[in-house]
Amino acid sequence: WADISDRKRAEAELERLVTVRPGQIYSRERLQATAKSMSDRLGAEGYAFANVNIVPEIDRDKHEASFTIYIDPGRRVYVRKINIAGNARTRDEVIRREIRQLESAWYDGARIDRSKVRVKRLGYFDDVNIETPPVPGTTDQADVEVTVTEKATGSLQAGVGYSSADGLVISGSVSQQNIFGSGNALALAVNTSKINRTVSLAFTE
């Protein structure tokens, strides 16, 4: 809604997010949900630092309350840089290709939330955190700071058995779901006995 001509449409869309209705019992949860929904909707339009305040007016004699919603969208914000930290093994490109927010584009809260989900789904990290601090000295720029905590992505298995037909059976496998931090998977499995020997090598890009 950067264009002032969209003001009526913006107001109509925000009004639809109000979950409090006349005649309902007061619910702080509904008020908080309304404020969050409005803030998220503004964030999807680039207003990263929008401020939504709901101010009550209490009529103690009638045991009623009315509410005024004050919205300050602030300035529309675009993303200056996307920075990634904590990835000692995983290459930057593996994480960046999951980021839906683009540099030099308008801030989009929904895309940033989606980016966090996609990075977590890689399965390479115990934790993923995304923050959007404003750029010092500006009012319309923010950086996206992606911080990850890596976890072990490899496994090693070994086994020994015996059967009357095959004799001693030895098996082992090693796999790495993020080989050399590339996001590719490599697995090697060996099964050997007196009669058979099987070697399996699998690579997934």
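Look up: the structure comes first, before these words.
The following paragraphs examine the structure supplied in this document. (Residues numbered from 1 in each chain as written. Predicted model: local features only at pLDDT ≥ 70, side-chain atom pairs only at ≥ 80, totals over all residues. Heavy atoms only, no water.)

With that settled, consider the sheet that holds strand E6 (residues 154-163). In space, the four strands of this open sheet follow the order E6-E7-E8-E9, with antiparallel pairing throughout. Of all strands in the sheet, those with a lone pairing partner are E6 and strand E9 (197-204), marking the two edges. Each strand of the sheet is rotated relative to its neighbour by a mean of 5°, with strand direction disregarded. The pairing of strand E7 (residues 167-176) with strand E8 (residues 185-192) spans seven bridges and is classified as antiparallel. Opposite Ser171, over in E8, you have Asn191 as the bridge partner. (Pairing = 2+ DSSP bridges. Helix = DSSP H or I, 4+ residues; strand = E, 2+ residues; numbered from the N terminus. Axes fitted to C-alpha atoms, helices over the stretch in contact; angles between N-to-C directions.)

The subject of this paragraph is the nonpolar core. Counting 18 residues, the largest nonpolar core has Ile82, Ile95, Val119, Phe125, Val144, Val146 and Val148 as the members making the most contacts within it. Taken together, the elements giving at least two residues each to this core come down to strand E3 (78-85), helix H3 (92-96), helix H4 (109-121), strand E4 (125-131) and strand E5 (141-150). Ranked by residue count, the leading element in this core is E5, at four residues. Once residues lying within four places of it in the same chain are set aside, the contact partners of Ile95 are Ile84, Asn87, Thr90, Val119, Phe125, Val146 and Val148. In terms of nonpolar packing, the next biggest core, distinct from the first, is built from eight residues, Leu14, Met38, Tyr47 and Ala50 among them. (Core = buried A, V, L, I, M, F, W, Y, C linked by side-chain atoms within 4.5 Å. Buried < 20%, exposed > 50% of the residue type's maximum accessible area, 1.4 Å probe, protein only. Contact = heavy atoms within 4.5 Å.)

Summarising the element assignment, Asn184 is placed in the loop between E7 and E8. Apart from residues lying up to four places away in sequence, Asn184 is in contact with Gln176, Gln177, Asn178, Ile179, Phe203, Thr204 and Glu205.

Here the focus is a nonpolar patch on the surface. A cluster of nonpolar side chains, contributed by Leu156, Val174, Leu186, Leu188, Val190, Val199, Leu201 and Phe203, occupies part of the molecular surface with about 750 Å² of accessible area. Where the nonpolar patch is concerned, the elements lending two or more residues are E8 and E9. Along the chain, Leu188 falls in strand E8. Overall, Leu188 belongs to the partly exposed group, its relative accessible area being 35%. (Patch = residues over 30% accessible without salt bridge, like charges linked within 9 Å, V, L, I, M, F, W, Y side chains within 5 Å. Areas by Shrake-Rupley, 256 points an atom, 1.4 Å probe, with all protein chains shown as cover. Salt bridge = Lys/Arg side-chain N within 4 Å of Asp/Glu carboxyl O.)

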